Amino acid sequence: GGGHRSINVQMRQMFNLYASVRPIKNFRGLKSFFEGIDFFIVRENSEDLYKGIEYMISPGVAQGIKLITAEASERIGRHAFELAIKLGRKKVTVVHKANIMKYTDGLFLDSVRKVAADYPQIAIDDMIVDNCGMQMVTKPQQFDVIVTENLYGDILSDIGAGLIGGLGIAAGANIGDRCAMFEAVHGSAPDIQGKNLANPTALLLSSVSMLEYMGELETARRIQDAVSATLANADERTRDLGGKLGTKEFTAAVIAKLG
């Protein structure tokens, strides 16, 4: 509970970057317990418990407010369905805990279902969040697009990263109506700054998402292909992925494959 408030969270709220989109997909050659993983997690980014409305109501008793609105829930639901159409996906899974939190999560679920009526070509189902976590580590191939609340999305995104090789290769996008911000999911690592140890893959893949958002599709494809080809070679990976290369050497290997 110590330290400063997350700068990323503040920027998401300042610029109303309400949609966090994280691709979860296997990379050729990287060890994984499953093959055929290819889905997206769309996380509501502006409210829920991450709104940070907390109080000490008496000594030894803290209270946090879970804020869910129909407006934000419908907005993230529409983003998920629009993404499904754009990417040619067939199903959106709404993840919630409405069996327990009947007002907050119930509102979220009902709001996304309302939006789904506008997209009859996309199937919709829903899943309780604890079951979703179990399903992700037993049969992740069943998912296409997951849409969920802020806290659940944060947790499930890291599970998804673990399925495909770890946070070192997990890209993140934060998207609003007027602008967007792209980041490596793992955040900063000041303890290894300047030591040529960091894996830059997540940041590179986040730049791919940024270029796609900007319409620079060919440049995005070239970088994506170069990163994928480098990761496929066990001798060209960084240490966290079982290789021997440092940050600079890995980056040079990617650049060499840009063509």
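Small disclaimer: the values here were computed from a predicted structure and weren't measured.

Observations regarding the pairing of strand β4 (residues 61–64)
- Where strand β3 (residues 54–58) lies against β4, four bridges are found, and the strand directions are antiparallel. Bridge pairing links S58 to V61 in β4.
- Adjacent in sequence and paired antiparallel, β3 and β4 are bridged by two residues, among which G60 carries a positive phi angle near 80 degrees.

Considerations on the nonpolar core
- Of all hydrophobic cores here, the largest spans 32 residues; its most connected members are F39, C132, M136 and L231.
- Counting residues per element, the ones that place at least two in this core are β2 (38–44), α4 (129–136), α5 (150–164), α6 (201–213), α7 (217–231) and α8 (247–256).
- It is α7 that contributes the most residues to this core, five residues altogether.
- With residues up to four places along the chain from it excluded, the contact list for C132 reads V95, M127, F143, I146 and L156.
- One finds I68, I76, A116 and V145 within the second-largest nonpolar core, a separate group that totals 26 residues.

Digging into helix α3 (residues 104–116)
- Along its 13 residues, α3 runs 19 Å from first to last C-alpha, staying within 8% of the 18 Å computed at 1.5 Å per residue.
- For α3, the full list of buried residues reads T104, D105, G106, F108, L109, S111, V112, V115 and A116.
- At its buried positions, α3 is contacted by α2 (70–87), β5 (91–96), β6 (123–128), β7 (145–148) and α5.

Some thoughts on empty space enclosed by the protein
- Tallied over the full model, the rule gives one cavity of 30 Å³ or more.
- One number sums up the size of the largest cavity: a volume of about 40 Å³.
- Considering the residues around the largest cavity, the lining is formed by V9, R12, Q13, R43, N45, S46, Y50, K51 and N150.
- The dominant element in the lining of the largest cavity, judged by the number of residues it contributes, is helix α1 (residues 7–14), at three residues.
- Residue classes in the lining of the largest cavity are distributed as two nonpolar, four polar and three charged.

Remarks on α7
- If you check α7, its first and last C-alpha atoms are 21 Å apart, about what 15 residues at 1.5 Å a residue would give, namely 21 Å.
- A220, I223, A226, V227, T230 and L231 are the residues of α7 that are buried. Buried residues along α7 cover an arc of 135 degrees about the axis, so they all sit on one side.
- On its buried side, α7 packs onto α6 and α8.

Criteria and cut-off values
- Residues numbered from 1 in each chain as written.
- Predicted model: local features only at pLDDT ≥ 70, side-chain atom pairs only at ≥ 80, totals over all residues.
- Heavy atoms only, no water.
- Pairing = 2+ DSSP bridges.
- Helix = DSSP H or I, 4+ residues; strand = E, 2+ residues; numbered from the N terminus.
- Core = buried A, V, L, I, M, F, W, Y, C linked by side-chain atoms within 4.5 Å.
- Buried < 20%, exposed > 50% of the residue type's maximum accessible area, 1.4 Å probe, protein only.
- Contact = heavy atoms within 4.5 Å.
- Expected span 1.5 Å × (residues − 1).
- 1 Å grid on protein atoms, 1.4 Å probe; cavity = no way out; pocket = protein on both sides within 12 Å on 5 of 7 lines; lining within 4 Å.
- Points joined across faces, edges and corners; volume = space filled by probe spheres on them.
- Nonpolar A, V, L, I, M, F, W, Y, C, P; charged D, E, K, R; others polar.
- Arc of directions from axis to C-beta.

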